[in-house]
Amino acid sequence: MSQESSSAPPKITPIAIEQSYLEGRGLTKVDQSEFDGEGITREDDYTSEAYKHDFHLGKILVAVYEAGPGKVYIDGAVYDEFVQILEGRLILTPDGGEPVEFKQGDSLVVPQGYKGYWHMPEKYRELIIINTDYKKISEDDS
């Protein structure tokens, strides 16, 4: 007779990062209100729609995000973010600093607290990994 119990821990399996999403196929439209409370202000000419696919949401969020062209101002990033650029270019201009350009194939980290411009001069797609601890902290403050 089996000693299995209904309180057995859930089965944890690896999550594939599907190539189709990395190539921009199958992404879903983003509700822009998702970014409310993250200190992001769009420039007046930013009219681009955004699309994404979340692979995992736990202690980290792993997703593909696509948008552009467009420019936003980030007034203190609320989380650490790893970025792998899959298509296009990204120009970051920190407050008081010079613009730094990243292109397809480049990887970078945008640290929590970053203040400055995030400019996507053309269609842009990225693989992102963010630390979701900021959500727990903001929920604890509520």
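See the structure printed just above.
Right, let's walk through the structure included here. Every value quoted in this text rests on a predicted model; they were computed, and no experiment measured them.

1. Here's the deal with the environment of Val 83
If you trace the backbone, Val 83 turns up in strand 6 (residues 81-87). Here Val 83 is in contact with Asp 106, Ser 107, Leu 108, Trp 118, Tyr 124, Glu 126, Leu 127 and Ile 128, once residues within four sequence places are set aside.

2. Re the side chain of Glu 81
Within the element layout of this structure, Glu 81 appears in strand 6. No salt bridge is formed by the buried Glu 81. Its closest oppositely charged neighbour is Lys 52, at 10 Å. Among all residues touching Glu 81, those that are not within four sequence positions of it are Leu 108, Val 109, Val 110, Trp 118, Glu 126, Ile 128, Ile 129 and Ile 130.

3. Overview of the packing of aromatic side chains
If you walk through the whole model with that rule in mind, you get 2 aromatic pairs. Between Tyr 21 and Phe 55, the ring centres sit 5.7 Å apart and the planes meet at 85°, which makes this aromatic pair edge-to-face. Of the two residues, Tyr 21 is situated in helix 1 (residues 19-22) and Phe 55 in strand 3 (residues 51-57); the sequence distance between them amounts to 34 residues. Tyr 21 sits in the buried class, given a relative accessible area of 16%.

4. Describing the pattern of salt bridges
Using the criterion set out here, one finds 9 salt bridges in the structure. Where Asp 54 meets Lys 52, a salt bridge forms, and the shortest distance between an N and an O atom there is 3.1 Å. When salt bridges with common partners are traced through the structure, they connect Glu 66, Glu 87 and Arg 125 into a single cluster.

5. A few points about the pairing of strand 4 (residues 60-67)
Where burial is concerned, most of strand 4 is hidden: 7 out of the 8 residues are buried. Hairpin connection, strand 3 to strand 4: the antiparallel pair is bridged by 2 residues. Pairing of strand 4 with strand 11 (residues 124-131) involves 8 bridges; the strand directions are antiparallel. Its bridge partner lying in strand 11, Val 62 is registered against Ile 129.

6. A look at the sheet that holds strand 3
Strand order across the open sheet formed by 6 strands is 1-3-4-11-6-9, with antiparallel pairing between neighbours. This sheet does not close on itself; its edge strands, each paired only once, are strand 1 (28-29) and strand 9 (107-110). Sheet analysis places strand 6 next to strand 11, joined by 6 bridges and oriented antiparallel. Paired with Ile 85 across the two strands is Glu 126, which belongs to strand 11.

7. Description of the sheet that holds strand 8 (residues 100-103)
Read across the open sheet, the 5 strands follow the order 2-5-10-7-8; overall the sheet is antiparallel. Whereas interior strands pair on both sides, the edge strands pair on one side only; in this sheet they are strand 2 (40-42) and strand 8. In this sheet, neighbouring strand axes are inclined to one another by 20° on average, regardless of whether the strands run parallel or antiparallel. Summarising the sheet, strand 5 (residues 70-75) and strand 10 (residues 115-120) pair through 6 bridges and their orientation is antiparallel. Residue pairing in the sheet places Asp 75 in a bridge with Lys 115 of strand 10.

What counts, and at which threshold
- Residues numbered from 1 in each chain as written.
- Predicted model: local features only at pLDDT ≥ 70, side-chain atom pairs only at ≥ 80, totals over all residues.
- Heavy atoms only, no water.
- Helix = DSSP H or I, 4+ residues; strand = E, 2+ residues; numbered from the N terminus.
- Contact = heavy atoms within 4.5 Å.
- Buried < 20%, exposed > 50% of the residue type's maximum accessible area, 1.4 Å probe, protein only.
- Lys, Arg positive; Asp, Glu negative; His and termini not counted.
- Salt bridge = Lys/Arg side-chain N within 4 Å of Asp/Glu carboxyl O.
- Phe/Tyr/Trp six-rings, centres within 6.5 Å; stacked < 30°, edge-to-face > 60°.
- Pairing = 2+ DSSP bridges.
- Axes fitted to C-alpha atoms, helices over the stretch in contact; angles between N-to-C directions.

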